[in-house]
Amino acid sequence: MDVIGDFLTRIRNASMARHKVLEVPSSNMRKAITKILYEQGYILNYKFEEPDATHRTIKIALKYNPSTKQPVIKSIQRVSRPGLRKYVNVDDIPRVLNGLGIAIMSTSHGVITDKEARRQNVGGEVICYVY
């Protein structure tokens with residue numbers, strides 16, 4: 001099962017259904033993606049909950065435009081998947097919507113955005129596009 005694809009689908013479905021809070025199972029990759037979404041302004045807030053060692057979750061407060069009530073995340077797409085991984089070097093890092101969106105990448109320097117990967121001059125696996 002593709003846990004990252006499931007995570008992104010949960011975010012996409014919750015934002016289309018106008019949910020305020022989303023609760024998903026936790027993993028290190030999901031935590032890193034959640035932190036990036038928060039730092040880039042795509043989600044309002046997040047909280048890592050660990051009631052016990054087996055049930056760790058992430059609570060995500062989704063963000064909406066106050067005037068139009070439209071979700072801030074217009075599209076969130078999985079790029080690299082278990083059946084077909086997508087790796088790029090630093091020269092081939094994609095630009096999402098001409099720089100208006102972000103590509104989240106897994107690199108040797110951790111999970112970072114495309115802009116940060118260009119700045120650090122590293123390539124890696126393109127996880128998803130967000131805009």
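That block above? That's the structure.
Bear in mind the structure is a predicted one, so any value in this text is a computation, not a measurement.

A.B. asks: Would you mind going over the packing of helix H1 (residues 3-16) against helix H2 (residues 28-39) with me for this structure?
C.D. replies: If you want to describe how two helices pack, look at the angle between their axes and the distance between the axes. For the pair H1 and H2, the least separation of the axes is 10 Å and the interaxial angle reads 40 degrees. Of the possible angle classes, the one that applies to H1 and H2 is oblique. You can see that H1 and H2 cross each other, and the crossing is right-handed. Contacts between H1 and H2 involve Val-3, Ile-4, Asp-6, Phe-7 and Ile-11 from the first element and Met-29, Arg-30, Ile-33, Thr-34 and Leu-37 from the second. Across the contact of H1 with H2, the residue classes tally to seven nonpolar, one polar and two charged.

A.B. asks: Quick question: what am I supposed to make of the nonpolar core here?
C.D. replies: Taken as a class, soluble globular proteins show a tendency for nonpolar side chains to be buried jointly. Membership of the largest hydrophobic core comes to 22 residues, with the highest contact counts inside it found for Ile-11, Leu-37, Ile-60, Ile-104 and Val-130. For this core, the secondary structure elements donating two or more residues are H1, strand E1 (21-25), H2, strand E3 (57-62), strand E6 (102-107) and strand E8 (124-130). Residue contributions to this core peak at five residues, all from H1. Non-local contacts of Ile-11, meaning those with residues more than four positions away in its chain, are made with Leu-22, Leu-37, Ile-60, Leu-62 and Ile-73. Judged by nonpolar contacts, the second largest core, of 10 residues, contains Ile-93, Val-96, Val-122 and Val-126.

A.B. asks: How should I be thinking about unusual backbone geometry in this particular structure?
C.D. replies: Note: most peptide bonds trans; most residues except glycine with negative phi. A positive phi is found at Leu-97, a non-glycine position, where the angle reads about 50 degrees. Relative accessible area serves as the criterion here: at 46%, Leu-97 is assigned to the partly exposed category. Positive phi is not limited to glycine here, since Asn-98 has a value of about 55 degrees. Along the chain, Asn-98 turns up in the loop between strand E5 (87-88) and E6. On the basis of relative accessibility, which here comes to 68%, the residue Asn-98 falls in the exposed class.

A.B. asks: Quick question: what am I supposed to make of the pairing of E3 here?
C.D. replies: Counting buried positions over the six residues of E3 gives five, a clear majority of the element. In the sheet, E1 pairs with E3 via five bridges, with the strands oriented antiparallel. Following the sheet pairing, Val-24 is matched in E3 by Ile-58. One ladder, built from six bridges, connects strand E2 (residues 43-49) with E3; its direction is antiparallel. Residue pairing in the sheet places Phe-48 in a bridge with Ile-58 of E3.

So, how was this worked out
- Residues numbered from 1 in each chain as written.
- Predicted model: local features only at pLDDT ≥ 70, side-chain atom pairs only at ≥ 80, totals over all residues.
- Heavy atoms only, no water.
- Axes fitted to C-alpha atoms, helices over the stretch in contact; angles between N-to-C directions.
- Helix = DSSP H or I, 4+ residues; strand = E, 2+ residues; numbered from the N terminus.
- Parallel < 35°, antiparallel > 145°, perpendicular 65-115°, else oblique.
- Left-handed = near helix turned anticlockwise from the far one by under 90°.
- Contact = heavy atoms within 4.5 Å.
- Nonpolar A, V, L, I, M, F, W, Y, C, P; charged D, E, K, R; others polar.
- Core = buried A, V, L, I, M, F, W, Y, C linked by side-chain atoms within 4.5 Å.
- Buried < 20%, exposed > 50% of the residue type's maximum accessible area, 1.4 Å probe, protein only.
- Pairing = 2+ DSSP bridges.

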